[in-house]
Amino acid sequence: MLNKKHQRGEYRLRAVETWLDQFGAMVWAVDQIWHGAAQPPVNVFEDTFIELYRRFSSIRRFPSARSAVLYYAIQACVNAKESELAENVHRASTQVGDSAKANVSETTACSMPWEGELEAICRLTQTQKWVAVSYLFHEGDMHTLSRTISRPRAFVLNQLDAASKVLWSASDTFASAQQKWVDLRTKVQVYLEQLCVPEAVQVRARKMLMASAASMQAEHRQRGPRWVKYGMVLAGAVALAAIAYGAQGRVQSATASSAAAGDASMPPKPTGLPSPISNFPGRVLAQFRLANHFDIKTAAHMAITKNSVYLPELTTVSDTWPSVVINRCDMAKSGQSLEENLERVGQVDLIPPTHPAASSGKSAAPVGWVVKEWRFYVTGSWGIVVANWVPHGASGESVTQLYALYLPTGKASLVKTFDNKSASDQTVVAVGAGKIVVQSAIDGAADQPQGQASLSLPVDVYTLSGHIPLQALGEPKHIPAPFGLMQDPVITGDRLIFQGIRGQVQPEDNINATWYGLSWDGQLARYDGPPLDGQPHWPVTGASGALWWAETTPDDSHQSSMQVLMHPLTGTDAVKQTPAQTLAQSVQFFTASDQYVAWVQSTEGVTQLVVGELP
């Protein structure tokens, strides 16, 4: 047993020593730019490799060994105390000796590529500097950088944008700032090829590494076998459980009545965040703090489940196809920062239609495809992306694609494609309750009744199953749809709710819109919907199964804000609707996902995302 432990320790030490030789110049350059000095503190350089040895088991979570070394190099810079830096610089200059000074003078003789930006980099906030330095030294694309620093791509881009305004000009365009980052990064790579770490610094770092390794091994030997430690902990836990069990019997009767009066499903109020806006008729489930630079647009495709908030993001790079990157935050993180608790759970690469899009002119050359709009849903263990492609610079033709992502494995595939040959053709999709519903309308041709421009096809209901995306849909169940093409369908548990029928005109004397419900056995019902005011609307299922509608209207007194109205969805034979309930204050954003609603509010100087459900 001891021999195996010794072998593992030797393997770990040899690996870190190899990284010191292979990536030492990168670590030295990171220290230079972080501290704004050609000869950075030697202890920061040493701490990088000592920490790599201590955290060796965590290396596997990084894209590569270089990424791990870069991460811990910046961590060492962040953790260095300012009070210790001056002392360590002086100590290093006296300990490394004249040979090291000669080597340092040689390494600093070449022009540092960041001399023009060095002062500005020192003015960056710690977070901006962390992301900026990581970007300058990492290898690979933005996805690799996101994995290296364990932050979502949107967070990385926001920090780089803020840093570019400090480094260069706040008036630079996005493309101009991106090019300056690329140019600076190229200079850094050239500089790294010429840079040599002083020999004395390397020797000292190697000695400190070996001393730390020997100290850790001695500490492990002194602790004894792990089973002794775990046995003592287990014995203590059993003793505490026995004490708690005895105490429980004495207090159980006193607390039973108060527990029965409370709602056991209500989570405790998050600490440190202002209360949600009042007059919400439902129950608040979670609150998440948002950074001041949070882009509201990223929430437009949000999906919400019982346990998670999903934030997908469409990424478009000139030399690759678009992709949708999905990040998730656990509801248990309520009360904390949303951005800091996002974790990447999958990526769906979008594939342009295989046939070339024909432009409006018959003799014109084919044109490419662009994503016009896209949506993201989560149902069960599946994430579904619906992408609508249109020809670039042309109109009429479109293609709708369905992608299935199995969340437990992260595997995704294109599973269905629907070609819409003309502007009259259209495909609508709804996702929920473990199902995908698709209905299409095609050009009605000459045999259609006058005034009906297109022919609606039956509603296809696919039930998701298994865990392989390409095999998840199977054969659909068909529901006849003689009424026409559904408008904005949504699955609400045991039925489809849609906000009207395409081409159908509401009677002039109608105050409220007529909505429809379609059961899985084909029964059609009518509902008295929200006002006919042209505002965005959402159908929502409450916790009890009751149907609601929600609406947002612009708040004229607050720019970029909106008021939120909610009301039960009733049948057309019901009595006149009562006034809708309105949130007490305006919000910056609102959406509904499945049976949940969410909004962004700014109160008491704090911006937060609030998630709730209706009764």
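Residues numbered from 1 in each chain as written. Predicted model: local features only at pLDDT ≥ 70, side-chain atom pairs only at ≥ 80, totals over all residues. Heavy atoms only, no water.

### Digging into the overall build of the chain
Here is the rule we go by: Strands here are runs of E lasting at least two residues and helices are runs of H or I lasting at least four, both read from the DSSP assignment and numbered beginning at the N terminus. Accessibility here uses a 1.4 Å probe with only protein chains present; expressed as a share of the type maximum, an area under 20% marks a residue as buried, one over 50% as exposed, and anything in between as partly exposed. In this analysis, two residues are considered to be in contact whenever any of their non-hydrogen atoms come within 4.5 Å of each other. Here the open area of atoms and residues is found with the Shrake-Rupley method and a 1.4 Å probe, where only the protein chains shown may cover a residue.
Across its full length, the chain carries twelve helices and 26 strands. Buried residues in the chain amount to 46% of all 615 residues. Taking the intrachain contacts of the chain between residues at least 6 apart in sequence as the baseline, contacts between residues at least 24 apart amount to 54%. Carbon and sulfur atoms provide 52% of the accessible area of the chain, an area that totals close to 31,500 Å².

### Details of the sheet that holds strand 3 (residues 308-315)
The cut-off we apply is this: By this definition, two strands are paired if DSSP reports at least two bridges between them.
Strands sit in the order 2-3-4-5 across an open sheet of four strands; the sheet is antiparallel. Looking at the sheet topology across the chains shown, the edges are occupied by strand 2 (303-304) and strand 5 (343-349). Note that strand 2 and strand 3 share two bridges and pair antiparallel. Its bridge partner being in strand 3, Ile304 is matched across the sheet by Val309.

### Digging into the packing of helix 8 (residues 142-149) against helix 9 (residues 153-167)
Packed helix pairs are specified by the crossing angle of their axes together with the interaxial distance, meaning the distance between the axes. Note the cut-off: A fitted line through C-alpha atoms represents every axis, and for helices the fit uses only the stretch in contact; the resulting angles, taken between N-to-C directions, go from 0 to 180 degrees. Our angle categories are set so that under 35 degrees counts as roughly parallel, over 145 as roughly antiparallel, 65 to 115 as roughly perpendicular, and the remainder as oblique. Only Asp, Glu, Lys and Arg are considered charged, only Ala, Val, Leu, Ile, Met, Phe, Trp, Tyr, Cys and Pro nonpolar, and every remaining residue, Gly among them, polar.
Contact geometry for helix 8 and helix 9: axes closest at 9 Å, N-to-C directions at 100 degrees. Taken together, the axes of helix 8 and helix 9 lie roughly perpendicular to each other. Residues Met142, Leu145, Ser146 and Ile149 of helix 8 lie in contact with helix 9, whose contacting residues are Arg153, Val156, Leu157 and Leu160. Across the contact of helix 8 with helix 9, the residue classes break down as six nonpolar, one polar and one charged.

### As for the environment of Val438
As for its position among the elements, Val438 is in strand 11 (residues 435-443). The residues contacting Val438, other than those within four sequence positions of it, are Leu402, Phe418, Thr427, Val428, Val429, Pro458, Val459, Asp460 and Tyr462.

### Section: the confidence of the model for the chain
Predicted coordinates in regions of low pLDDT should not be interpreted in detail. Formally: Confidence of the predictor at the level of single residues is given by pLDDT, which spans 0 to 100.
For the chain, the mean per-residue pLDDT works out to 79, and 78% of the residues sit at or above 70. Counting contacts from residues 82-110, a segment whose pLDDT is below 50, to residues more than four positions away or on other chains yields 27 contacts. Below pLDDT 50 for its whole length, residues 242-268 participates in six contacts with residues either more than four positions away or in separate chains.

### Section: the nonpolar core
As a reminder of what qualifies: Nine residue types can take part in a nonpolar core, namely buried Ala, Val, Leu, Ile, Met, Phe, Trp, Tyr and Cys, and a core is a set of them joined through side-chain atoms within 4.5 Å.
One finds Val30, Leu52, Phe137 and Trp181 to be the most contacted residues of the largest nonpolar core, which totals 65 residues. Broken down by element, the residue count for this core peaks at 14 residues, all from helix 1 (residues 2-35). Not counting the four nearest positions on each side in its chain, Leu52 is found in contact with Val16, Trp19, Ile59, Ala68, Val69 and Tyr72. Membership of the second largest hydrophobic core comes to 20 residues, among which are Phe294, Leu338, Phe589 and Val600.

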